[in-house]
Amino acid sequence: ARWVEEQVEEYTSGRDDLSRSATSRLSVALRFGTISPREVVAAVGDSSADRAAFARQLAWRDWYAHLLHERPDMVRAAVRPEYDRIEWREDPEGLLAWKEGRTGYPIVDAGMRELAATGSMHNRVRMITASFLVKDLLVDWRLGERHFRRLLVDADVSQNVGNWQWVAGTGPDAAPYFRVFNPVSQSRAHDPSGVYLREWVPELSGLADDVIHAPWEAGPLELAAAGVELGRDYPLPIVEHAAARVRAIATYRA
């Protein structure tokens, strides 16, 4: 009720802002049935663009539930079967670094640390971290989906699988395979002041807003002033994003 009264009219502009809480935080209640999507829609309505946008998210949720009912195999197989021929990389070290939040990309590490500590993660960051595993590391989306499902307190099989297949480009509603989230530009767009990063990657908190998103771009004096030595206090990037993007697109195209 408080969210509907105070924040719903800022949903479209605020839902991706990582520095404040502009989402409903109803996912756990919806997951366990302590509130129904119909009750939520009745309370929110669609009398404004923001309210209608929120109602559409609930429609996506129901659609994924129906899709899993029709396609129970989507837990283990790409909905678009041609993408089960992707040559995924065997990268246990990269997968572990991703799980433990030490990839060298602050937004990815912040999200994975939040997940491990709280069992929750902002939706925008779920997309960023998932894209990093699948596209930057070229690791099978199923490994990421299972990790999320094990840790998320709102873990729902249909939602988790559906959204992972969206990010991976393997689902019926998928993002095109050539869409690869840039973790640095995503971080700068959705957490420009580094509020979220400083909460979950505190070893970088002394860096200025313009470089905390990509600490390897900071000069040696900046790093020293912030008490950061890359490779010691915080890891260097485990992959170079631009090169990884080219590799991912080529692999998907093949």
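In what follows, the structure referred to is the one given above.
Let me sum up the structure you'll find in this document. Since the model is a prediction, treat every value here as computed from it, not as a measurement.

## Overview of the packing of aromatic side chains
Taken as a whole, this structure holds 13 aromatic pairs when the rule is applied. Ring centres of Trp 88 and Tyr 252 lie 6.1 Å apart, and the angle between their planes is 85 degrees; on these two criteria the pair is classed as edge-to-face. Taken together, the residues span a long stretch of sequence, with Trp 88 in the loop between helix H5 (49-70) and helix H6 (92-100) and Tyr 252 in helix H14 (residues 241-253) at a distance of 164 residues. Across the pair, Tyr 252 and Trp 88 agree in class, each one buried. With 5.9 Å between their ring centres and 5 degrees between their planes, Trp 98 and Phe 148 make a pair best called stacked. Residue Trp 98 is located in helix H6, and its partner Phe 148 is located in helix H9 (residues 141-151); the two are separated by 50 residues in the primary sequence.

## What to know about the environment of Ser 47
By the secondary structure assignment, Ser 47 is in the loop between helix H4 (37-44) and H5. Its relative accessible area of 66% is what places Ser 47 among the exposed residues. When the C-alpha atoms of Ser 47 and Val 184 are compared, they prove to be 36 Å apart, with 137 residues separating the residues in sequence.

## Looking at the environment of Leu 207
Of note, Leu 207 is situated in the loop between helix H12 (195-200) and helix H13 (220-225). Take Leu 207: its relative accessible area is 3%, and that puts it in the buried class. Excluding its chain neighbours within four sequence positions, the residues that come into contact with Leu 207 are Arg 198, Ile 212, Pro 215, Ala 218, Glu 222, Leu 223 and Ala 226.

## Considerations on helix H10 (residues 157-168)
A turn of α-helix holds 3.6 residues, and therefore any two residues three or four places apart point the same way. Between the first and last C-alpha of H10 there are 16 Å, a value that for 12 residues agrees with the 16 Å anticipated at 1.5 Å per step. Looking at H10, one finds that the buried residues are Ser 158, Gln 159, Asn 160, Val 161, Gly 162, Trp 164, Gln 165, Trp 166, Val 167 and Ala 168. Buried residues belonging to H10 abut H5, H6, helix H8 (123-136), H9 and H14. Positioned one or two residues after H10, Gly 169 has a phi angle of 80 degrees, which is positive.

Rules of the game
Residues numbered from 1 in each chain as written. Predicted model: local features only at pLDDT ≥ 70, side-chain atom pairs only at ≥ 80, totals over all residues. Heavy atoms only, no water. Phe/Tyr/Trp six-rings, centres within 6.5 Å; stacked < 30°, edge-to-face > 60°. Helix = DSSP H or I, 4+ residues; strand = E, 2+ residues; numbered from the N terminus. Buried < 20%, exposed > 50% of the residue type's maximum accessible area, 1.4 Å probe, protein only. Contact = heavy atoms within 4.5 Å. Expected span 1.5 Å × (residues − 1).

Any functional reading would require information beyond the geometric quantities listed.
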